[in-house]
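Chain by chain, the residues:
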Amino acid sequence: MVKMSPDVFSCSDDEGNLDIEIDMFGVKKENIKLKMVEEGFFVKAKREETGVEYVGTYAFCCAVVPEKAVAKYVDGKLYVKVPYRESTETVDVKIQ
């Protein structure tokens, strides 16, 4: 079995949620394990016909409410939406 890290993209939406997209093409939904805590998440999925196992652990910049996470798998991508624990005030940083 070959282990590799999936491509992950995440960004905040305008409603106080963190949106995450995880690319795992060729994986069956029933072979995906997603575990989440306030500070991050773990994902593992087997692509049986090729012997590839996607595996990764990722940290969040701000705490989330894992109990309210919603995930769906469509066309090789796992989409996860999870609300932030509390709104965080951001500061603009001047770039030199």
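What you see is a predicted model; the values in this text were computed from it and never measured.

1. Some points on the sheet that holds strand β7 (residues 70-74)
Now for step 1: In space, the four strands of this open sheet follow the order β2-β3-β8-β7, with antiparallel pairing throughout. In this open sheet, the two strands that pair with only one neighbour each are β2 (7-12) and β7. On average, each strand axis in the sheet is inclined to that of its neighbour by 15 degrees, with strand direction left out of account.
Now for step 2: Summarising the sheet, β7 and strand β8 (residues 77-83) pair through five bridges and their orientation is antiparallel.

2. Quick look at the environment of Glu-38
Now for step 1: Checked against the element boundaries, Glu-38 lands in the loop between β4 (32-37) and β5 (40-47).
Now for step 2: On the accessibility criterion, Glu-38 (31% relative accessible area) is partly exposed.
Now for step 3: Along the primary structure Glu-38 and Gln-96 are separated by 58 residues, whereas in three dimensions their C-alpha atoms are 33 Å apart.
Now for step 4: At 2.8 Å, the side chain of Glu-38 and the side chain of Arg-85 are in polar contact.

3. Notes on the sheet that holds strand β1 (residues 2-4)
Strand pairing in a sheet takes place through backbone hydrogen bonds and is either antiparallel or parallel in direction.
Now for step 1: A sheet is described by the order of its strands in space; here four strands give the open sequence β1-β6-β5-β4, paired in mixed fashion. Sheet topology places β1 and β4 at the edges, where each strand pairs with a single neighbour. Across the sheet, the axes of successive neighbouring strands diverge by a mean angle of 15 degrees, strand direction being ignored.
Now for step 2: The sheet contact formed by β5 and strand β6 (residues 52-59) spans eight bridges and is antiparallel.

Conventions we followed
Residues numbered from 1 in each chain as written. Predicted model: local features only at pLDDT ≥ 70, side-chain atom pairs only at ≥ 80, totals over all residues. Heavy atoms only, no water. Pairing = 2+ DSSP bridges. Helix = DSSP H or I, 4+ residues; strand = E, 2+ residues; numbered from the N terminus. Axes fitted to C-alpha atoms, helices over the stretch in contact; angles between N-to-C directions. Buried < 20%, exposed > 50% of the residue type's maximum accessible area, 1.4 Å probe, protein only. Polar contact = N/O pair within 3.5 Å; in protein donor to acceptor, adjacent residues only side chain to side chain.

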